[in-house]
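Understanding the architecture of this molecule
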Amino acid sequence: MTDNRIHRSRRVRAHRWVTLETTSGGLLVLAAAIALVWANSPWRSGYVALSEVTVGPAALHLDLSIASWATDGLLAIFFFVVGAELKHKFVAGSLRNLREAAVPMFAALGGMVVPALVFVGVILFSGDSSALSGWAIPTATDIAFALAILALFGRGLPASLRTFLLTLAVVDDLLAIVIIAVFYTASVDFLAFALALLVIAVFAWVSRRRWAKWWFLVPLGIAAWGFSPSSGIHATIAGVLLVLVAPA
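This text gives an overview of the structure that appears in the document.

Further remarks concern the overall build of the chain. Scanning the chain from terminus to terminus reveals ten helices and two strands. Ordering the α and β elements of the chain from the N terminus gives α-α-α-β-β-α-α-α-α-α-α-α. On the principal axes, the C-alpha backbone points of the chain span a range of 75 × 50 × 45 Å. Taken across its 248 residues, the chain has 29% of its residues classed as buried. Taking all contacts inside the chain whose residues are at least 6 apart in sequence as the whole, residues at least 24 apart take part in 65%.

Following this line, the structure appears as structure tokens:
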């Protein structure tokens, strides 16, 4: 009986540690530091080789590299989770007042437009217009690191300021994803895109039913995500659309 209590206590402590915001933020910063050191070390070839390892079914166009699984797969989940938190704030939280929500949204918009204009101005001043196609590069904020730093050092900040920073970072990255989808998509497979939208519509309908279960919704989300790269649209768009149609 005592051993069972000890194991249960350890599981509770481990669960509490894993679910802390500071834990995830610290792990992200640590992983980024290790990656930076490794990628700039004499052993950088091992880093590149590992990131280029391909896994996944080719028949579904999901034979992606580990780097692609991180940027297209895990990032889509990340946007879904953060987007769900933000949507709750808009529907039932501190941002349900349009005037309060408009401030961080306009701040995010300004944080995208001004850097893009500065980039274009510098390129035009240099006289080399070949790099103008990269105008969208400075528009995006790294939301993952923004939230990690906020989790590590922002516990003492007022709740309103934390909400402002969260909204600014999320809206900034969501708009950056829209820019990628609109201006940097070479070609679109409209059949695959239509199938993705159909699955998302089914997800929206099922998620509002009383009998909806996670084991039914997760395959729908995976299917919507799978059709996105097949259509030529960035995979994180699926995560954004799914959270928009999900109940708050």
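Another aspect to go through is a nonpolar patch on the surface. Residues Trp38, Trp43, Tyr47, Val48, Leu50, Val53, Val55 and Ile66 make up a contiguous nonpolar surface patch of roughly 700 Å² in combined accessible area. Here Trp38 shows up in helix H2 (residues 21–39).

It is worth spelling out the packing of helix H8 (residues 190–207) against helix H10 (residues 236–245) at this point. At their nearest, the axes of H8 and H10 sit 9 Å apart, and the two run at 30° to each other. On the basis of their axis angle, the class for H8 and H10 is roughly parallel. Where H8 crosses over H10, the handedness of that crossing is right-handed. Together, Leu197, Ile200, Phe203, Ala204 and Ser207 of H8 and Leu241, Leu242 and Val245 of H10 make up the contact between the two elements. Per-class residue counts for the contact of H8 with H10 are seven nonpolar, one polar and no charged.

What follows deals with the side chain of Thr167. For Thr167, the position within the fold is in helix H7 (residues 159–183). Ignoring sequence-local partners within four residues, the contact set of Thr167 consists of Leu86, Phe90, Leu95 and Pro104.

What follows concerns the side chain of Ser231. Secondary-structure assignment places Ser231 in helix H9 (residues 214–231). For Ser231, a relative accessible area of 1% gives the class buried. A distance of 2.6 Å separates the side chain of Ser231 from the backbone oxygen of Ser228, its partner in a polar contact. Setting aside anything within four residues of it in sequence, one finds Ser231 in contact with Ser187, Val188, Asp189, Ala192 and Phe193.

Turning our attention to helix H6 (residues 143–153). Along H6, the residues classified as buried are Ile143, Ala144, Leu147, Ala148, Leu150 and Ala151. Down the axis of H6, the smallest arc covering the buried residues is 165°, so these residues share one side. As for H6, its buried residues are in contact with H2, helix H4 (66–92) and H7.

Rules behind the numbers
Along each chain, the written sequence defines residue order, and numbers are assigned to residues from 1. Local features are withheld for residues below a pLDDT of 70 in this predicted model, meaning they are given only at 70 or higher, and side-chain atom pairs are given and counted only at 80 or more; totals for whole chains, interfaces and linings count all residues. Where side-chain values are given, they derive from all heavy atoms of the structure, hydrogens and water being excluded. Counting from the N terminus, the helices are DSSP H or I runs at least four residues long and the strands are E runs at least two residues long. Remark: exposure states derive from per-residue accessible area (1.4 Å probe, protein chains only) relative to the maximum for the residue type, with buried under 20%, exposed over 50%, and partly exposed in between. In what follows, a contact means two residues having at least one pair of non-hydrogen atoms within 4.5 Å. The patches described consist of residues with a relative accessible area above 30% and no salt bridge, like charges being joined within 9 Å and nonpolar side chains (Val, Leu, Ile, Met, Phe, Trp, Tyr) within 5 Å. Residue burial considers only the protein chains on display, and all accessible areas are found by Shrake-Rupley using a 1.4 Å probe. The salt bridge criterion pairs a side-chain nitrogen of Lys or Arg with a carboxyl oxygen of Asp or Glu, the two atoms within 4 Å. As a rule, the C-alpha atoms of each element are fitted with a line to give its axis, helices using only the stretch in contact, and angles between N-to-C directions run from 0 to 180 degrees. Here the word oblique covers every angle except those under 35 degrees (roughly parallel), over 145 (roughly antiparallel) and from 65 to 115 (roughly perpendicular). A clockwise turn of the near helix away from the far one marks a right-handed crossing, whereas an anticlockwise turn of less than a right angle marks a left-handed crossing. In this count, Pro and Cys sit with the nonpolar residues alongside Ala, Val, Leu, Ile, Met, Phe, Trp and Tyr, while Asp, Glu, Lys and Arg are called charged and the others, Gly among them, polar. We define a polar contact as two N or O atoms separated by no more than 3.5 Å, with the added condition that, inside protein, one atom must be a possible hydrogen donor and the other a possible acceptor, whereas residues neighbouring each other in sequence contribute only through side-chain atom pairs. In this context, the arc is that of the directions from the helix axis out to the C-beta atoms.

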